[in-house]
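Okay, here's what each chain looks like letter by letter:
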Amino acid sequence: MLRQALRGLKVAVLAAITVFSTVLPATAATQIEFWTLSLSPTFDKQMKELAADFEAAHPGVKVKWTDVPGNAIQQKLLSAIAAGNPPDAVNVSSDMALQLFQQGALAELNEFAGREAFNAYFPRALTTFTDRESGVIFGVPWYWAPKVLAYNTEIFKQAGLDPNRRISTVQEMIAAARQIKDQTGMYGFMPNINNISFLFLFQEAGLPILNAERTRAAFNSPAHAALVQTYVDLFKKNYIPEDTMRRGYLGATELFSAGKLGMLLTGPQFLIRVANDNRAVYEITRATAYPLDAGRVIHTPLMGFMVPANARNKKLGVEFALFATNGANQLTFAKSSNTFPSTVQASQDPFFTTAGPTAADQARVADAAQLQFAQDLTLQVPDSAKLFKAFKDNMEAAFFGSKPVQEALNEAARIWNASL
Amino acid sequence: MRRAAARAASRAAAALGSLATVAGCLLSATAGVVPAVAAAAPPARLLAVNRAFDPAPPADQPPVVVPVPQRADYPSGTLPLTGLALHVEDDAPAVQQAGRWLQQAIEDRFHDRLDEGRQAGPRQPGANPAVVIGTLADGRLASQARSRGFLATGPWAQPEGYALHVGPDGAFVVGADARGAFYGVQTLIQLLVATPRGPGLRYADIADWPAFPVRMAMIYLDAHSAGINDRLVPILAHYKFNQVLVMADYVRWDSAPNIWNPAGAAKDEARRVAGLIRASGMEPVPLIELLGHAQWLFYGDQNLDLLQDPESPEPYAYDPLNPRTYDVVLPILDEAIEVFRPRYVHIGHDEVRNVVRFPASEAGKRIGFNRIFYDDVLRLYNHLKSRGVGTMMWQDVAFTEATKEIVADLPKDILFTDWHYSPGADFPSVREIRAAGFDVIGASWYRPGNAEEFARSALRDGALGMLQTRWTGYFGNSTLARGQAEQAVAYVRAAASFWRPAAPIPDERAAQRFADAWRPAAWRAVPGHLVDLRPFATRTLVDSDGSGWLGKGPGYDLAPLVEQSREGIVKLGPYTFHVSAAVMTRMNRGVARDLPDQVTIPLHAPAAAVAVLHTTGWPAPAVGQPAGSYTLTYEDGTTLEQPLEYGRNIAAWTDTLLTSLERYPAWRGVTSEGLAVGADVLEISNPHPEKRIASLTVTSDVRWTNPVVLGLTLLDALPPRDSSSPEAIRP
């Protein structure tokens, strides 16, 4: 919905890019601005240090940092671009980066830096921000973290589940969720099924999204429909909370923090929020690896830094993006945020494999082992905003009983086929 | 859907308003050179027609009344308006208003009025027939209704119901109450017809009543909203909404001058809009967003001591544990009550924890969110109750799994608005809220199927009514007309379903109805010429073998448009076109890669306006991106350019939701594969009708998308719209 709702917003982006696009040399008075996504106030110290370090390495350059809440970033960024006053570097998610790139709103980073500047990143991470047709790099990877399965050990016990027995398959996870609801009346999980999550669940299950030629949607096969139907049935039988489709991970984290949800499927960084909201629940929480499905891949949303095409200091913006995401800075940030770096060397730091007593420690160690399966599965398709919305709308229609699953998938496929 | 996202879109669209205006400059005459092709090529074949533009609904088809009445019969025949008198037999303001609206509708369409008076007694043989409007309280009218089979014990004789009859002997509208009479007249207006013998009213016998007692629509109120609201409110009333939720965050309240936003509405404007709503037969309900979504409370970095999370960069929620919070908030509620005189105030309370830490303070954490939330609601409720006003609030925080236990103790006369913005056959939350002892109103948004299906399930589950929300238009209300018009169209769809959930109307009908109401035209046909595009075509409309249209084969083409035409001629809305082939231009994608950047269609004809039936091969990545242009080249060598802006005046054949009222939603169809498709009309007024037009050149922007012309019609005169008068926008 977010993208759809913001259509009106994108009105003047292109015109503004044309009018305001300039590259200014750094001067004594040069100030650059970078934006981050939902990091304040928790990571104020780290971001201020990052800015200071960049200033120290670039005499004469002042760095201004602005943090923008997740639900406001698209609006504020597009408004700033349209007004010709965007930040010089901005932290956005992969799907938003793709849409901005397709709108022509992002700078081509390889115009400002040689190929070697990008060698430090995991190739599969850099691919997320590389246009598959032209090879243009429109962003650099920053932090990510494969989701983990955190669980409330007390609720497990109440449901007759052994908190020491690892859940190793998706089917076991679903069975545990049912058992929790049946035995305790509390919900077992709030699975990641909102928005376009099924595009990721399909890939995690080894099911294709497109045909081999990428000319038709392939997500409306009986196998795809059966996977969706599994969750629709759980939803209709009240094994999944009603607001799951609306609230996603926010609702899940709140409910888990309230001690009323058996399992939380989320990035380990959100366990910090659980600890902050309800220490008692955090202390009876354990974390384990998210179960791998047939696709042997885990969708891992990747954050990145982009440079708007009409940024005033594009060259410095690119330098900052590379600086913020270099191995050393990524390692520092990952340690404080319970996430992982997207650079190869930093990821090998012993910190990530050193066990500790807390749920966050357990999550980190579990994730380190899963990192090999991590990939941001956001699909590069033309008209991505339209196609993703069509997919999301149809999944919601299926969950709320507006149409059968197969019909919903067929409807989405038709819209995709017209664009592919 | 996240309401926060929708709000964000609204704010951002507002921020872009000025740029959009610049980009939207329409025609600017510039000297130019006649393209060689236009001078050399033979002119297109032009087919003269008498009704190139004709806004009157077809007289030979049954009427389409929106909302669809509960019971209606349309015998064949028309009651001529000539000689017809109007008798308004009740002094109630709503009934008097109904009479005025009927007269205005007749004047708008036919430039005529009915003779007015009161019915002196039983109609005498040979006397001119009349339209009689009144209520069941009038014994003579009740008897008249009974004589036509409308018994006062029938289901129509409930609040807001009405009986309507039009026949050779005249017409009457009998409301079960004054509002019923008003709604009956709104139906009567939709029975107006232009026949070859003159204007009239279609014969009808209708017994009608609403399914829900509450049918609410949401609007915005700010310093710039008068132009939109003055147009919109009568349209809402015409489609039988009876309450209006007024987003009133930024009203410049006397008690809080420190947070006055220059773009906020003056208090007098708020009072005026409340009056407008009442004068249109509806009740205003102010929405003051409290607890969360409370940025307005901190405008200009004011009241920062009240922030829930002072460390967050986003001033989003207040701290109920700070006693000064209520020193600020409660006087504002008092002012809202004084201005709107409402039965309810909507206090928001949605998405409270979506943006900032809540509770953020250690004291708050000790108390816990649920308790803080509960106490805040109760504080506001008690204050409103002490003023004799009810409390309305969103359900999404109160009824989450984590918090719902606490709402059990809230006063049961709180009215919850339960928002779900997806289509869905069943929304159990309505039952859950009712089971907890509260009344509930379902709240829908713009997606086709949302209001329709929610209304059905809400009625089944005992909801009190429905609310059609809108999340666009703050501080730049033009987005409702340009950029997110689908939210305007949704009002009409929702109105139909809120009145009679069992009879929803398709989105395309709602789109045409709203577009017609927004830019009404007198019912006079305009002659013109249809252009045969075949000599200039670059693609076929039908793709039977993968070589036509976009090369994707049958099921992904415009065959349904061709099938709708007769020998290539088709009437789409008020416009008639010759539809035979596509003039598609280039873009770097698919089959369009090898097409020409520019195609010139020689015309050598005069025109007061040019109507273009068009689309694009693919969607542009974003609304507002340039799609190309149309250039009119006059025979004297001067030119006129019409820029094409994606979403604003042109859209892809697969983008069927109407996002801008600058294009007319002329045609919607479904391909053999089941793909929803469409095409819109852009009407270009010619500022130099005295000059003959040598040609029209279609130019592609190439980068983002490509214009495709499907039909072209030259109008001999401008469509008879009276856009100069503020009174022009009427149902």
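Everything numeric here is computed off the predicted structure, so don't read it as measured data. (Residues numbered from 1 in each chain as written. Chains lettered and ligands numbered in written order. Predicted model: local features only at pLDDT ≥ 70, side-chain atom pairs only at ≥ 80, totals over all residues. Heavy atoms only, no water.)

Asker: Would you mind going over the overall build of chain B with me for this structure?
Answerer: Within chain B one finds 17 helices and 32 strands. Computed over C-alpha atoms, the radius of gyration of chain B comes to 28 Å, within 12% of the 27 Å expected from 2.2 N^0.38 for 731 residues, which places it in the range of a compact globule. With respect to the three principal axes, the spread of C-alpha positions in chain B is 85 × 75 × 45 Å. Looking at chain B residue by residue over its 731 residues, the buried ones come to 63%. Contacts in chain B between residues far apart in sequence, at least 24 positions, make up 76% of those at least 6 positions apart. Here chain B displays about 24500 Å² of accessible surface, and carbon together with sulfur accounts for 52% of that area. Averaged over its 68 positive side-chain charges, chain B has a centre that lies 2 Å from the centre of its 78 negative ones. (Helix = DSSP H or I, 4+ residues; strand = E, 2+ residues; numbered from the N terminus. Rg over C-alpha atoms; globule rule 2.2 N^0.38 Å. Buried < 20%, exposed > 50% of the residue type's maximum accessible area, 1.4 Å probe, protein only. Contact = heavy atoms within 4.5 Å. Areas by Shrake-Rupley, 256 points an atom, 1.4 Å probe, with all protein chains shown as cover. Lys, Arg positive; Asp, Glu negative; His and termini not counted. Charge placed at Lys NZ, Arg CZ, Asp CG, Glu CD.)

Asker: Help me out: how do you make sense of the confidence of the model for chain A in this one?
Answerer: Detailed reading of the predicted coordinates is not advisable wherever pLDDT is low. Residues and elements named next belong to chain A. On average, chain A scores 90 in pLDDT, and the residues at 70 or more come to 93%. Element-level mean pLDDT values for chain A span from 33 in helix 1 (residues 2–5) up to 98 in helix 10 (residues 222–236). Counting interchain partners and residues more than four positions distant, the pLDDT-below-50 stretch residues 1–24 has 95 contacts. (pLDDT = per-residue confidence, 0-100.)

Asker: Sorry if this is basic, but what is going on with the pattern of salt bridges here?
Answerer: Once their charged atoms are close, side chains differing in charge can pair, the charge on each being opposite to the other. Residues and elements named next belong to chain B. Across all of its chains, the model carries 61 salt bridges over all chains by this definition. With a closest N to O distance of 3.7 Å, glutamate 89 and arginine 140 form a salt bridge. With a gap of 51 residues between them, glutamate 89 in the loop between strand 5 (85–88) and helix 4 (93–110) and arginine 140 in helix 5 (residues 139–147) connect regions that are remote in the sequence. The salt bridge involving glutamate 645 is made with arginine 648; its shortest N-O contact spans 3.7 Å. (Salt bridge = Lys/Arg side-chain N within 4 Å of Asp/Glu carboxyl O.)

Asker: Can you walk me through the pairing of strand 2 (residues 62–68) of chain A in this structure?
Answerer: In regular strands, side chains alternate between the two faces of the sheet. Taken together, the seven bridges between strand 1 (residues 31–37) of chain A and strand 2 of chain A define a ladder with parallel strand orientation. Residue pairing for strand 2 of chain A: leucine 37 of chain A is matched across the bridge by valine 68 of chain A. (Pairing = 2+ DSSP bridges.)

Asker: Help me out: how do you make sense of the environment of alanine 451 of chain B in this one?
Answerer: Residue and element names in this part refer to chain B. Residue placement: alanine 451 occurs in helix 14 (residues 450–460). Its relative accessible area of 0% is what places alanine 451 among the buried residues. Residues alanine 451 and leucine 467, spaced 16 residues apart in sequence, show a C-alpha to C-alpha distance of 8.8 Å. In this structure alanine 451 touches Ser444, Met466, Gln468, Ala494, Ser497 and Phe498, once residues within four positions along its chain are discounted.

Asker: Can you walk me through the sheet that holds strand 12 (residues 204–208) of chain B in this structure?
Answerer: Two strands in a sheet stick together by hydrogen bonds in their backbones, pointing the same way (parallel) or opposite ways (antiparallel). Residues and elements named next belong to chain B. Taken together, the seven strands give an open sheet; going across it, the order is 3-12-8-9-7-5-6, and neighbouring strands pair in mixed fashion. The sheet is open, and its two edges are formed by strand 3 (71–73) and strand 6 (115–117), each paired on a single side. Taken pair by pair, the neighbouring strands of this sheet meet at an average axis angle of 10 degrees, ignoring direction. Of the pairings in the sheet, the one linking strand 5 to strand 7 (residues 130–135) comprises four bridges and is parallel in character. Residue pairing for strand 7: alanine 85 is matched across the bridge by alanine 130. Where helix 5 meets the sheet, its contacts fall on strand 7 and strand 9 (170–175), and the angle it forms with strand 9 comes to roughly 115 degrees. (Axes fitted to C-alpha atoms, helices over the stretch in contact; angles between N-to-C directions.)

Asker: When you look at the nonpolar core in this model, what are you seeing that I'm missing?
Answerer: Residue and element names in this part refer to chain A. Core analysis: the biggest nonpolar cluster contains 263 residues, and Phe198, Phe219, Tyr231, Met263, Phe391 and Trp416 have the highest contact counts within it. Setting aside its immediate chain neighbours within four residues, tryptophan 416 contacts Leu199, Ile209, Leu210, Ala217, Phe219, Leu379, Val381, Leu387, Phe388 and Phe391. In terms of nonpolar packing, the next biggest core, distinct from the first, is built from 67 residues, Ala97, Phe129, Phe138 and Ala324 among them. (Core = buried A, V, L, I, M, F, W, Y, C linked by side-chain atoms within 4.5 Å.)

Asker: Quick question: what am I supposed to make of helix 19 (residues 405–419) of chain A here?
Answerer: In an α-helix, one turn spans 3.6 residues; hence positions three or four apart end up facing the same way. Residue and element names in this part refer to chain A. When the terminal C-alpha atoms of helix 19 are compared, their 22 Å separation across 15 residues agrees well with the 21 Å that a helix rising 1.5 Å per residue should span. With 12 of 15 residues buried, helix 19 lies mostly within the body of the structure. The inward-facing, buried residues of helix 19 contact helix 9 (197–204), helix 10 and helix 18 (384–399). (Expected span 1.5 Å × (residues − 1).)

Asker: Explain the sheet that holds strand 3 (residues 89–93) of chain A to me, please; I cannot follow it from the model alone.
Answerer: On the basis of which strands lie adjacent, the open sheet formed by five strands has the order 2-1-3-9-4 (chain A) and mixed pairing. At either end of the open sheet lies a strand with only one pairing partner, and these are strand 2 and strand 4 (140–141) of chain A.

Asker: Even after reading the chapter, I still don't get unusual backbone geometry, so can you show me in this structure?
Answerer: Glycine aside, residues mostly have negative phi, and peptide bonds are mostly found in the trans state. Here the bond from valine 66 of chain B into proline 67 of chain B is cis, since omega is -5 degrees, no more than 30 degrees from zero. For proline 67 of chain B, the position within the fold is in the loop between strand 2 (45–53) and strand 3. Of note in this structure, serine 38 of chain A is not a glycine but carries a positive phi near 55 degrees. Topologically, serine 38 of chain A is positioned in the loop between strand 1 and helix 3 (44–57). Of the residues examined, serine 38 of chain A reaches a relative accessible area of 43% and is grouped as partly exposed. Despite not being glycine, histidine 349 of chain B shows a phi value in the positive range, around 70 degrees. Checked against the element boundaries, histidine 349 of chain B lands in the loop between strand 16 (344–348) and helix 10 (362–367).

Asker: Would you explain the packing of aromatic side chains in this entry?
Answerer: Considering all chains together, one arrives at 54 aromatic pairs over all chains under this definition. Here tyrosine 250 of chain B and tyrosine 474 of chain B contribute two aromatic rings whose centre-to-centre distance is 5.6 Å and whose plane-to-plane angle is 80 degrees, an arrangement assigned as edge-to-face. Of this pair, tyrosine 250 of chain B sits in the loop between strand 14 (243–247) and helix 8 (267–279) while tyrosine 474 of chain B sits in the loop between strand 20 (465–468) and helix 15 (486–499), and the two are 224 residues apart along the sequence. The exposure class assigned to tyrosine 474 of chain B is buried, which follows from its relative accessible area of 6%. Geometrically, the ring pair formed by tryptophan 549 of chain B and tryptophan 653 of chain B is edge-to-face, given 5.5 Å between the ring centres and 90 degrees between the ring planes. Of this pair, tryptophan 549 of chain B sits in the loop between strand 21 (526–532) and helix 17 (559–564) while tryptophan 653 of chain B is found in the loop between strand 28 (638–645) and strand 29 (664–670), placing the two residues 104 residues apart along the sequence. Through a chain of ring-to-ring contacts, three or more aromatic side chains come together here, namely Phe198, Phe202, Phe219, Tyr231, Phe235, Phe388, Phe391, Phe399, Phe400 and Trp416 of chain A together with Phe427 and Phe454 of chain B. Taking NZ or CZ as reference, lysine 240 of chain B lies 5.2 Å from the ring centre of tryptophan 499 of chain B, over its face. (Phe/Tyr/Trp six-rings, centres within 6.5 Å; stacked < 30°, edge-to-face > 60°. Lys NZ or Arg CZ within 6 Å of the ring centre and 35° of its normal.)

Asker: Where do I start with the environment of isoleucine 155 of chain A in this structure?
Answerer: Residues and elements named next belong to chain A. Among the structural elements, isoleucine 155 can be located in helix 7 (residues 153–158). The exposure class of isoleucine 155 is buried, given its relative accessible area of 2%. In sequence terms isoleucine 155 and leucine 316 are 161 residues apart; their C-alpha atoms lie 51 Å from each other. Look past the residues within four positions of isoleucine 155 in its chain and what remains in contact with it is Ile180, Thr184, Met186, Gly259, Lys260, Leu261 and Gly262.

Asker: Which parts of the structure should I look at to understand the side chain of serine 660 of chain B?
Answerer: All names here are of chain B. Along the polypeptide, serine 660 turns up in the loop between strand 28 and strand 29. Only 2.6 Å separates the side chain of serine 660 from the backbone oxygen of arginine 648, close enough to count as a polar contact. Among the polar contacts made by the side chain of serine 660, one reaches the main-chain amide nitrogen of glutamate 662 at a distance of 3.0 Å. The contact partners of serine 660, leaving out residues within four places of it in the chain, are Ala481, Arg482, Gly483, Ala485, Gly647 and Arg648. (Polar contact = N/O pair within 3.5 Å; in protein donor to acceptor, adjacent residues only side chain to side chain.)

Asker: What am I meant to see in the packing of helix 18 of chain A against helix 19 of chain A here?
Answerer: For any two helices packed against each other, one specifies the crossing angle of their axes together with the interaxial distance. Residues and elements named next belong to chain A. Taken N-terminus to C-terminus, the directions of helix 18 and helix 19 make an angle of 170 degrees; their axes are 8 Å apart at the nearest point. As far as their axial angle goes, helix 19 and helix 18 are roughly antiparallel. Residues Lys386, Leu387, Phe388, Ala390, Phe391, Asn394, Met395 and Ala398 of helix 18 touch helix 19, and the partners they reach there are Val405, Ala408, Leu409, Glu411, Ala412, Ile415, Trp416 and Ser419. Looking at the contact of helix 18 with helix 19, its residues break down into 12 nonpolar, two polar and two charged. (Parallel < 35°, antiparallel > 145°, perpendicular 65-115°, else oblique. Nonpolar A, V, L, I, M, F, W, Y, C, P; charged D, E, K, R; others polar.)

Asker: Quick question: what am I supposed to make of the environment of phenylalanine 112 of chain A here?
Answerer: Residues and elements named next belong to chain A. Looking at the element boundaries, phenylalanine 112 is found in the loop between helix 5 (94–102) and helix 6 (123–128). Residue class for phenylalanine 112 comes out partly exposed when judged on its relative accessible area of 23%. Note: C-alpha distance between phenylalanine 112 and valine 318 (206 residues apart in sequence) is 7.0 Å.

Asker: Any chance you could explain the packing of helix 9 of chain A against helix 18 of chain A here in plain terms?
Answerer: All names here are of chain A. The N-to-C vectors of helix 9 and helix 18 enclose an angle of 90 degrees; their axes lie 9 Å apart at closest approach. If you check the angle between helix 9 and helix 18, you find them roughly perpendicular. Packed against helix 9, whose contacting residues are Phe198, Leu199 and Phe202, the element helix 18 presents Phe388, Phe391, Met395 and Phe399 at the interface. Across the contact of helix 9 with helix 18, the residue classes tally to seven nonpolar, no polar and no charged.

Asker: Got a minute to help me understand the confidence of the model for chain B in this structure?
Answerer: All names here are of chain B. Scored by pLDDT, chain B has a mean of 91; 92% of the residues are at 70 or more. This stretch, residues 1–39, has a pLDDT under 50; its non-local contacts, to residues over four places away or in other chains, come to 109 contacts. Taken as a whole, residues 724–731 scores under 50 in pLDDT and shows 17 contacts with residues more than four places along the chain or in a different chain. Across the assembled chains, the prediction reports ipTM 0.89 with pTM 0.91.

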